[in-house]
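Observations on the three-dimensional arrangement
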Amino acid sequence: MKNILLMIVFSTLASSQTYNMQIQIGVKDGVRIADFEKAMMQHNKAHATDLGAATTYQIVNGPDAGDYIRMPKSIFVSADMIDAVYNEWENHEPVPYDKFDGKMVEGRNGTVFYTLRPDLSYNPQVKTWKYIRQSKWNIRQGGQSSAESIFLMANQIREELGSSEHFVCMVSNTGQPFNEYVFVSGHDTLSEALDQSAFLTLLSEMSKRMPDWAVSYTHLRAHETLRYLVCRLLLEK
């Protein structure tokens, strides 16, 4: 068995508009997890060489634990390819004996599109990770400017402290009262993915350097809801 590669080829993507597509799915009642994952892996293999090729990982914490997140295998898609990838993603031809269908798959939402934000990312890494952490901040419409100024300030302090943190930032305009900012980092172990000590150290340092930080942080918190998703990459046979 081998890990599905998660390659964040940051340097080549940062120069143009780049997107990520995600869809969250679950297992229908009565379907065995083993049968579901076997069918999904066979489905993935059948489309491994076309634009519909997918990377899949499983949520292991929080209220959505046990669900799966699927995205294009390339992870990030350039603006000139997004239409073709999405069309293949939604309308690819069925393959013989494919059991990965509506009888076992329950969609949680439609496809969500994120725009890569290199300016809000920090020390991005190119590596195959076993676990992925997605920190999601839902910022109310009208609060983006204030939130982004805080995110940029936090990254500046990380750099001054020589922080070893690394993440890629993506943003989705959901069309709802919120814009979703997602900070994605990769980790080798589950304990590393769950560890929030670096984030707490950052908050402490910001409070020391800026006495009015509490006001700024309260303003940010008033415009967001935060949740962490820790995801296990599925293995292909």
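Computed from a prediction, not measured in an experiment: that's the story for all the values here.

**Quick notes on the pairing of strand β10 (residues 178–187)**
Within β10, nine of the 10 residues are buried, which leaves the element mostly enclosed by the surrounding structure. Strand direction decides the pairing type here: strand β8 (residues 131–140) and β10, joined by 10 bridges, are antiparallel. What sits directly across from Asn-138, in β10, is Glu-180.

**Digging into helix α4 (residues 144–161)**
For α4, spanning 18 residues, the distance from its first C-alpha to its last is 26 Å, which sits close to the expected 26 Å at 1.5 Å a residue. Burial in α4 covers these residues: Ala-147, Glu-148, Ile-150, Phe-151, Ala-154, Asn-155, Ile-157 and Arg-158. Looking one or two places after α4, you find Gly-162, whose phi comes out positive at around 70°.

**With respect to the confidence of the model for the protein chain**
Per-residue pLDDT for the protein chain has a mean of 80; in total, 82% of the residues score no lower than 70. Summarising per-element confidence for the protein chain, the mean pLDDT is lowest in strand β1 (residues 2–3) (32) and highest in strand β7 (residues 112–116) (92).

**So, the packing of aromatic side chains**
Within this structure, the stated rule accounts for nine aromatic pairs. A network of ring pairs unites the aromatic residues Tyr-122, Trp-137, Phe-151, Phe-167, Tyr-181, Phe-183 and Phe-199 as a single cluster.

**As for helix α3 (residues 82–91)**
Think of an α-helix as 3.6 residues a turn; residues three or four steps apart then line up on the same face. Regarding α3, the residues found buried are Ile-82, Val-85 and Trp-89. Buried residues of α3, seen end-on, are gathered within an arc of 70° and therefore sit on one face of the element. In the core, the buried residues of α3 are packed alongside β2 (18–27), β3 (54–59), β4 (68–72), β5 (77–78) and β7.

**Digging into the layout of surface pockets**
Its boundaries defined by the atoms lining it, the second largest pocket holds a volume of some 320 Å³. Ile-23, Arg-70, Trp-89, His-92 and Phe-100 are, among the 15 residues lining the second largest pocket, the residues nearest its centre. Contributions of two or more residues to the lining of the second largest pocket are made by β2, α2 (33–46), α3 and β6 (105–107). Partitioned by chemical class, the residues of the lining of the second largest pocket number five nonpolar, seven polar and three charged.

Analysis parameters
Residues numbered from 1 in each chain as written. Predicted model: local features only at pLDDT ≥ 70, side-chain atom pairs only at ≥ 80, totals over all residues. Heavy atoms only, no water. Buried < 20%, exposed > 50% of the residue type's maximum accessible area, 1.4 Å probe, protein only. Helix = DSSP H or I, 4+ residues; strand = E, 2+ residues; numbered from the N terminus. Pairing = 2+ DSSP bridges. Expected span 1.5 Å × (residues − 1). pLDDT = per-residue confidence, 0-100. Phe/Tyr/Trp six-rings, centres within 6.5 Å; stacked < 30°, edge-to-face > 60°. Arc of directions from axis to C-beta. Contact = heavy atoms within 4.5 Å. 1 Å grid on protein atoms, 1.4 Å probe; cavity = no way out; pocket = protein on both sides within 12 Å on 5 of 7 lines; lining within 4 Å. Points joined across faces, edges and corners; volume = space filled by probe spheres on them. Nonpolar A, V, L, I, M, F, W, Y, C, P; charged D, E, K, R; others polar.

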